Amino acid sequence: MTTAADRPRHVGARVERIEDTRLLSGGARYIDDIRLARMLHLRFVRAEMAHARILGIDIGALGDLQHPTRVFTGADIGGLAIKAHQDVPEFQYSEQPLLARDRVRFVGEPVAAVLADDPYIAEDAAELVFVDYDPLEVVASMEAALDPASPPLFDGWNGNVFVERQMKGGDIERARAAAAHIIRRTYSTHRQAGVPMEGRGVVARYDPADRFLTVWSSTQIPHLVRTYIAEELGFPEQRLRVVAPDVGGGFGVKGQVFSEEVLVAWLALETGRPVKWIEDRREHLLASIHARDHRHTLEAYVAADGRILGLKADISVDVGAYSTFPFTAAGDPGMAAKVMPGPYDFQHYEATFRALATNKCPIGTYRGVGRPSAVFAQERLMDDIADELGIDPIELRLRNVVRVFPYTNALGFTYDPGSYAECLEKARELLADDIAEAASLRGHPERRVGVGIACFIEQSAHGTPDFTRRRVPIETGYIAARVAMTPDGGAVVDIGLQSHGQGHETVMAQVAADALGIAPGDVHVRHGDTLTTPYSVGTWGSRGGPLGGGAVHVAASEIAEKLRAIAAHLLQASEREITLGGGRAFVTAAPDRHIPIARLTRAALRNVDRLPKGMAPGLEAQCSLDGPRDGTYSNAVHAAVVEIELATAKMRLKRFIAVEDCGRILNPLVVDGQVRGGIVQGIGSAMFEQFVYDEECQPRTVTFADYLLPLAPEIPTIEVHHIETPTPLTPLGAKGLGEGGAIGPAAAIANAVADALEVPVSSTPLNADALWRLINR
Amino acid sequence: MIEITLVVNGDRRSLRVEARRLLADVLREEFDLAGVHIGCAQGSCGCCTVHVDGVPRLSCLTFAVQCDGKSVRTVEDIGGPAAEHALQQAFRRAHALQCGYCTPGFIMTLAPFVEAMATENRLPDENEIRDAMSGNICRCTGYQGIVEAVRQAIAERIGTGAPA
């Protein structure tokens with residue numbers, strides 16, 4: 001009988017996920033499933049005004065409850081804050097207090113923390129706390145933030161610009177002078193939220209017996225949370241453990257250190273009792289982090305044949321009231337400016353980018369970070385250029401995409417090999433019938449069909465140099481993995497990633513299994529716990545596969561070498577002759593001469609007298625793998641086919657196609673899932689999800705009745721096609737792919753709408769209201 | 001406080017609860033059933049779906065006292081610790097879950113749908129399957145794996161005629 005262990009190679013195979021059984025059976029344990037004796041439940045009193053002074057906080061009514069409660073306010077917590085400083089001279093520094101001290105700056109900001117034995121009582125109590133506000137003028141828009149007459153959000157600030165900087169390469173004036181066409185457009189993407197189905201939550205417990213503090217958090221970055229809490233509270237980091245249990249989705253939203261994480265830890269120390277806070281959905285939408293909300297003005301310098309000579313960009317992002325940790329207020333605008341050259345070959349580029357402070361929830365990381373907005377602008381611009389020059393949009397892109405690799409762009413970033421032109425050609429072939437149908441319905445009185453594409457690259461798995469350049473509070477981009485074999489022939493992989501749905505337990509087991517010659521089922525992968533895993537940056541920036549997988553591969557390969565040496569000794573062969581596979585070590589040319597791997601591990605760990613003379617006992621190895629200097633560059637073409645009913649402005653997504661290249665595919669099941677899931681989030685960005693503030697920055701979309709997520713009936717089958725161009729820059733040839741799916745859809749759908757209606761489209765969302773206005777403009 | 005009796009996954013128990021206590025909280029806290037997940041507490045996401053007397057219900061919009069004397073079933077009872085129900089197995093094959101947070105809700109919504117289709121001996125088309133899922137939100141999978149899992153589970157039940 002063939003077992004999984006006999007399969008020649010697990011990497012690249014469609015291996016079903018190891019983690020699924022507990023997730024399907026109710027056996028998983030998420031943050032709210034942690035219950036501790038004597039635990040206090042925390043409920044926040046959150047700001048109801050967008051900008052106001054706090055005149056007083058009255059807790060007198062709590063006496064009516066007849067239950068013991070405790071209330072903490074900004075006055076109780078000293079200077080504790082989230083401090084996220086970009087270390088450049090232009091940056092205006094600010095801090096986000098864990099609880100507002102004398103002033104609130106967005107609706108939802110925590111003002112007081114109420115503790116009770118029961119979560120229902122804590123909620124009752126929070127409603128009885130009365131906060132007296134003196135309203136201040138609200139800074140509600142990018143225009144207001146740029147207006148010198150607006151009040152600064154922070155004392156001592158000069159206006160409401162967190163930071164404004166430039167990036168440039170080549171000679172933009174030369175490109176302008178040589179251009180046959182200058183095309184200038186402004187594009188904007190709206191504000192939205194990330195919305196994992198499990199909200200955030202934190203539990204903390206201090207044990208005075210061993211002076212040990214444990215913090216459980218629904219986070220993607222347990223090591224960074226540990227370091228931040230230790231530094232901010234002055235608590236010894238070696239006695240601090242941060243655990244991310246099963247995490248119900250993150251998408252970058254949980255890739256921040258939040259004020260609640262630090263505060264709950266502090267409250268556990270202060271009260272001497274375990275403290276638990278579970279975010280509700282309203283809190284999540286109001287006050288976790290938001291995303292997108294960009295406005296880009298682009299000016300392209302184009303030759304007569306459609307070749308782009310240069311690009312000038314002006315990028316503004318409404319980043320809300322505070323700088324977030326670790327990527328700061330500069331994260332989104334900086335990323336957008338950096339990636340704007342995209343997959344196209346031109347050597348003259350200049351971008352001015354700024355982060356604007358307003359009285360809104362802070363902007364943080366959400367799947368794609370800056371890139372969905374940049375690609376929306378870049379790819380709408382390509383269609384606008386094509387339209388102006390009368391060139392087919394795919395043809396225009398084919399004339400401009402990078403074809404010779406490695407390629408160094410105008411900013412000096414080097415792209416590893418990709419398949420930009422091949423993906424475009426493939427998409428064109430797949431869309432032929434739709435393009436014909438769209439053409440046949442031009443001017444149709446009732447319905448139109450449009451085809452739109454977006455061609456993009458995704459910088460992923462970026463390494464340490466990328467972060468030192470940015471001068472943000474996190475300076476590293478590595479992932480560490482430790483592999484240790486057990487005497488019974490199995491292996492434990494401890495990895496500094498955290499899984500929130502990506503299937504790390506399976507993919508890392510596949511990688512280790514291949515190197516060690518055992519079955520994935522015999523590998524136990526541990527993650528998300530600072531006590532058991534080596535220090536790393538955590539899961540973000542699409543680094544799990546390329547760097548996490550790479551680190552496991554390198555560490556496991558080191559052990560495999562030792563296994564081969566032991567096998568050679570026991571089989572009386574040379575090391576070079578030994579192959580590991582199917583749970584055995586065998587002489588490659590004579591497979592009958594074999595020995596079970598369990599015998600080798602037993603020799604290395606228990607019967608060390610059987611080892612070659614002088615060999616040290618043990619089978620353990622660790623690898624810290626940093627990302628390449630400029631990262632790896634995955635590429636894709638997304639294509640949308642839409643059908644619009646003119647009378648009702650109803651739009652149906654007829655087809656959505658992705659032709660993508662993420663380098664070596666480690667597990668096609670997982671890759672397709674990541675691509676499809678990301679695309680549907682991108683479809684949400686384009687058509688459904690919008691976080692709306694009124695002119696006083698009062699939120700109007702704080703439930704799922706107002707903040708619309710895509711549901712199954714609105715989503716077509718997502719057609720995914722792969723081209724595999726392995727990168728030489730990571731051990732397994734894999735590039736990152738976690739974010740790519742979410743990057744292209746807004747651009748592809750907007751281009752399809754523009755094609756269908758023959759009107760320019762300059763902003764998202766493309767909901768029924770926006771379509772109605774486009775039809776009737 | 002009101003005394004009620006619930007039969008949860010076959011286990012009959014009497015307990016005293018406040019009138020306002022939600023079924024979801026009682027199942028999670030009193031019965032230790034961590035498979036009941038709360039995603040929105042507003043009845044929009046379907047994560048907290050359980051069966052009350054055999055019918056899918058949102059346990060975050062149901063008070064425990066409304067279920068006095070009734071029978072409640074959660075995902076823990078559908079296919080056991082090994083997740084052996086045909087729909088759970090199809091979820092695994094079709095990669096119909098990623099973070100798993102919405103998954104118990106989908107299973108509880110869709111298991112009766114699979115059963116109903118099998119009883120009718122009918123394989124629904126994709127739109128019907130997507131409509132059956134329209135009360136549940138998944139943020140990870142893009143729904144495609146779930147549609148495929150439902151199709152597979154129904155096809156298998158029709159093919160074999162095996163009992164649920």
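Conventions we followed
Residues numbered from 1 in each chain as written. Chains lettered and ligands numbered in written order. Predicted model: local features only at pLDDT ≥ 70, side-chain atom pairs only at ≥ 80, totals over all residues. Heavy atoms only, no water. Helix = DSSP H or I, 4+ residues; strand = E, 2+ residues; numbered from the N terminus. Rg over C-alpha atoms; globule rule 2.2 N^0.38 Å. Buried < 20%, exposed > 50% of the residue type's maximum accessible area, 1.4 Å probe, protein only. Contact = heavy atoms within 4.5 Å. Areas by Shrake-Rupley, 256 points an atom, 1.4 Å probe, with all protein chains shown as cover. Axes fitted to C-alpha atoms, helices over the stretch in contact; angles between N-to-C directions. Parallel < 35°, antiparallel > 145°, perpendicular 65-115°, else oblique. Left-handed = near helix turned anticlockwise from the far one by under 90°. Nonpolar A, V, L, I, M, F, W, Y, C, P; charged D, E, K, R; others polar. Salt bridge = Lys/Arg side-chain N within 4 Å of Asp/Glu carboxyl O. Buried area = accessible area lost by both parts, 1.4 Å probe. Polar contact = N/O pair within 3.5 Å; in protein donor to acceptor, adjacent residues only side chain to side chain. Pairing = 2+ DSSP bridges. pLDDT = per-residue confidence, 0-100. Disulfide = S-S within 2.5 Å. Phe/Tyr/Trp six-rings, centres within 6.5 Å; stacked < 30°, edge-to-face > 60°. Lys NZ or Arg CZ within 6 Å of the ring centre and 35° of its normal.

Before going further, it helps to examine the overall build of chain A. In terms of regular secondary structure, chain A is built from 19 helices and 30 strands. Over its C-alpha trace chain A gives a radius of gyration of 27 Å, about what one expects of a compact globule, namely 28 Å for 777 residues. With respect to the principal axes defined by its C-alpha atoms, chain A has extents near 80 × 75 × 50 Å. Counting only residues that meet the buried cut, chain A has 65% of its 777 residues in that class. Nonlocal contacts in chain A, meaning residues at least 24 apart in sequence, comprise 80% of its contacts between residues at least 6 apart. Counting only carbon and sulfur atoms, one obtains 49% of the accessible surface of chain A, whose full area is about 26,400 Å².

What follows covers helix H8 (residues 331-339) of chain A. Of all 9 residues that make up H8(A), 9 are buried, and the element is covered over most of its length. Three or more residues of H8(A) are buried, namely Gly331(A), Asp332(A), Pro333(A), Gly334(A), Met335(A), Ala336(A), Ala337(A), Lys338(A) and Val339(A).

To continue, consider the packing of helix H16 (residues 668-687) of chain A against helix H18 (residues 745-757) of chain A. When two helices pack together, their arrangement is given by the angle between the helix axes and by the axis-to-axis distance. All names here are of chain A. Put simply, H16 and H18 touch, their axes get as near as 8 Å, and they point 50° apart. The orientation of H16 relative to H18 falls into the category oblique. Considering how the two elements wind past one another, H16 and H18 form a crossing that is right-handed. Contacts between H16 and H18 pair Ile-679, Gly-682, Ile-683, Ala-686 and Met-687 from the former with Pro-745, Ala-746 and Ile-749 from the latter. Partitioned by chemical class, the residues of the contact of H16 with H18 number 7 nonpolar, 1 polar and no charged.

All names here are of chain A. Applying the stated criterion across every chain, the model contains 68 salt bridges over all chains. A salt bridge links Glu-283 to Arg-46, with the shortest nitrogen-to-oxygen separation between them at 2.7 Å. With a gap of 237 residues between them, Glu-283 in helix H7 (residues 281-287) and Arg-46 in strand E1 (residues 40-46) connect regions that are remote in the sequence. Among the residues examined, Arg-46 registers a relative accessible area of 11% and is labelled buried.

Our next topic: the interface of chain B and chain A. Each side of the interface is counted separately: chain B has 50 residues, and chain A has 56 residues. Taken together, both faces of the contact between chain B and chain A bury some 4,300 Å²; the carbon and sulfur share is 53%. At the boundary of chain B and chain A, one finds 6 salt bridges. The partner of Arg20(B) in a salt bridge is Asp124(A), and the shortest N-O contact between them spans 2.7 Å. Across the chain B-chain A interface, the total number found is 29 residue pairs in polar contact (both at pLDDT 80 or more). Of all elements in the fold, only helix H1 (23-29), helix H2 (86-93), helix H3 (103-120) and helix H4 (126-132) of chain B reach the threshold of two or more residues within the side of chain B that touches chain A.

Residues and elements named next belong to chain A. Pairing is antiparallel across the open sheet formed by 3 strands, whose spatial order is E24-E25-E26. Edge positions in the sheet fall to strand E24 (578-581) and strand E26 (590-596), since each has one partner strand and no second. Averaged over all neighbouring strand pairs, the angle between strand axes comes to 30°, with direction disregarded. Two elements, E24 and strand E25 (residues 584-587), share 4 bridges in a ladder whose sense is antiparallel. In the sheet register, Gly-581 faces E25, and the bridge partner there is Arg-584.

A few words on the confidence of the model for chain B. Of all residues in chain B, 97% have pLDDT values of 70 or greater, and the mean over the chain is 96. Interface predicted TM-score (ipTM) for the complex: 0.97; the corresponding pTM is 0.97.

Once that is clear, we can look at unusual backbone geometry. All names here are of chain A. In the segment running from Phe-405 into Pro-406, the intervening peptide bond is cis, with an omega of -10°. With respect to the secondary-structure elements, Pro-406 resides in the loop between helix H10 (393-400) and strand E18 (407-408). The phi torsion at Phe-251 lies on the positive side, around 60°, for a residue other than glycine. Mapped onto the secondary structure, Phe-251 falls in the loop between strand E13 (240-243) and helix H6 (259-271). Positive phi, normally seen in glycine, also occurs at Glu-758, with a value near 55°. Judged by relative accessible area, Glu-758 falls into the exposed class, the value being 52%.

Attention now goes to the side chain of Thr464(A). Residues and elements named next belong to chain A. Within the fold, Thr-464 resides in helix H12 (residues 464-470). One polar contact links the side chain of Thr-464 to the main-chain amide nitrogen of Gly-477, over a distance of 3.2 Å. Not counting residues within four places of it along the chain, the set of residues in contact with Thr-464 comprises Glu-475, Thr-476, Gly-477, Asp-626 and Gly-627.

Through backbone hydrogen bonds, the strands of a sheet pair up, either in parallel or in antiparallel fashion. All names here are of chain A. Across the sheet, which stays open at both edges, the 5 strands sit in the order E9-E17-E16-E15-E10 with mixed pairing between neighbours. Looking at the sheet topology across the chains shown, the edges are occupied by strand E9 (161-169) and strand E10 (181-193). Sheet twist, expressed as the mean angle between neighbouring strand axes with direction ignored, is 10°. The strands that H8 touches are E9, strand E15 (290-302), strand E16 (308-320) and strand E17 (348-357); relative to E17, the one it contacts most, it runs at about 170°.

What follows is about the environment of Ala649(A). By the element assignment, Ala649(A) lies in the loop between strand E28 (632-645) and strand E29 (650-661). A C-alpha to C-alpha distance of 42 Å links Ala649(A) and Asp32(A), two positions 617 residues apart in sequence.

Residues and elements named next belong to chain A. All chains considered together, the criterion is met by 0 disulfides over all chains. Cys-361 forms no disulfide, and the closest cysteine sulfur to it belongs to Cys-697, at a distance of 11 Å. By relative accessible area, Cys-361 is classed as buried at 0%. Free cysteine Cys-455: the closest other cysteine sulfur is in Cys-423, separated by 7.6 Å.

Next up on the list: the side chain of Lys338(A). Residues and elements named next belong to chain A. Here Lys-338 lies in helix H8. The class for Lys-338 is buried, based on a relative accessible area of 9%. Polar contacts involving the side chain of Lys-338 include one to the side chain of Asp-466, which spans 3.1 Å. Setting aside residues up to four positions removed in sequence, Lys-338 forms contacts with Met-167, Leu-411, Phe-413, Gln-459, His-462, Asp-466 and Arg-470.

What follows covers H10(A). Turning to H10(A), its buried residues number three or more, namely Ile394(A), Leu396(A), Arg397(A), Leu398(A) and Asn400(A). For H10(A), the N-terminal cap is Asp392(A); the gap from its side-chain oxygen to the backbone nitrogen of Ile394(A) is 3.1 Å.

Let's shift gears to the confidence of the model for chain A. For chain A, per-residue confidence averages 97 on the pLDDT scale, and 99% of positions sit at 70 or higher. Confidence over residues 1-6 of chain A falls short of pLDDT 50; this stretch has 8 contacts with residues more than four positions distant or in other chains.

Before going further, it helps to spend a moment on the packing of helix H13 (residues 504-516) of chain A against helix H14 (residues 544-571) of chain A. All names here are of chain A. Close contact between H13 and H14 brings their axes to 8 Å; oriented N to C, the two are set at 30°. Compared by their axis directions, H13 and H14 come out roughly parallel. In this structure, H13 meets H14 at a crossing whose hand is right-handed. Across from His-504, Met-508, Val-511, Ala-512, Ala-515 and Leu-516 in H13, the residues of H14 making contact are Gly-544, Gly-548, Gly-549, Val-552, His-553, Ala-556, Ser-557, Ile-559, Ala-560 and Leu-563. The residue makeup of the contact of H13 with H14, split by class, is 10 nonpolar, 6 polar and no charged.

Attention now goes to the environment of Asp592(A). Residues and elements named next belong to chain A. For Asp-592, the position within the fold is in strand E26. Look at Asp-592 and you get exposed, because its relative accessible area is 74%. A sequence separation of 250 residues divides Asp-592 from Gly-342, and the C-alpha atoms of the two residues are 54 Å apart.

With the rule as written, the count across this model stands at 19 aromatic pairs over all chains. Between the aromatic rings of Tyr30(A) and Tyr101(B), the centroid separation amounts to 5.0 Å while the plane-to-plane angle is 90°, which identifies the pairing as edge-to-face. Residue Tyr30(A) is located in the loop between helix H1 (20-25) and E1, and its partner Tyr101(B) is located in the loop between H2 and H3; the two belong to separate chains. Comparing Tyr30(A) with Tyr101(B), the two get one shared label, buried. Taken together, the aromatic side chains of Phe91(A), Phe106(A), Phe154(A), Trp157(A), Phe162(A) and Tyr322(A) make up a single cluster linked through ring pairs. Looking at Arg543(A), its charged tip hangs above the ring of Trp540(A), at a distance of 4.1 Å from the centre. For Arg21(B), the ring lying beneath its charged end belongs to Tyr120(A), and the centroid distance is 4.0 Å.

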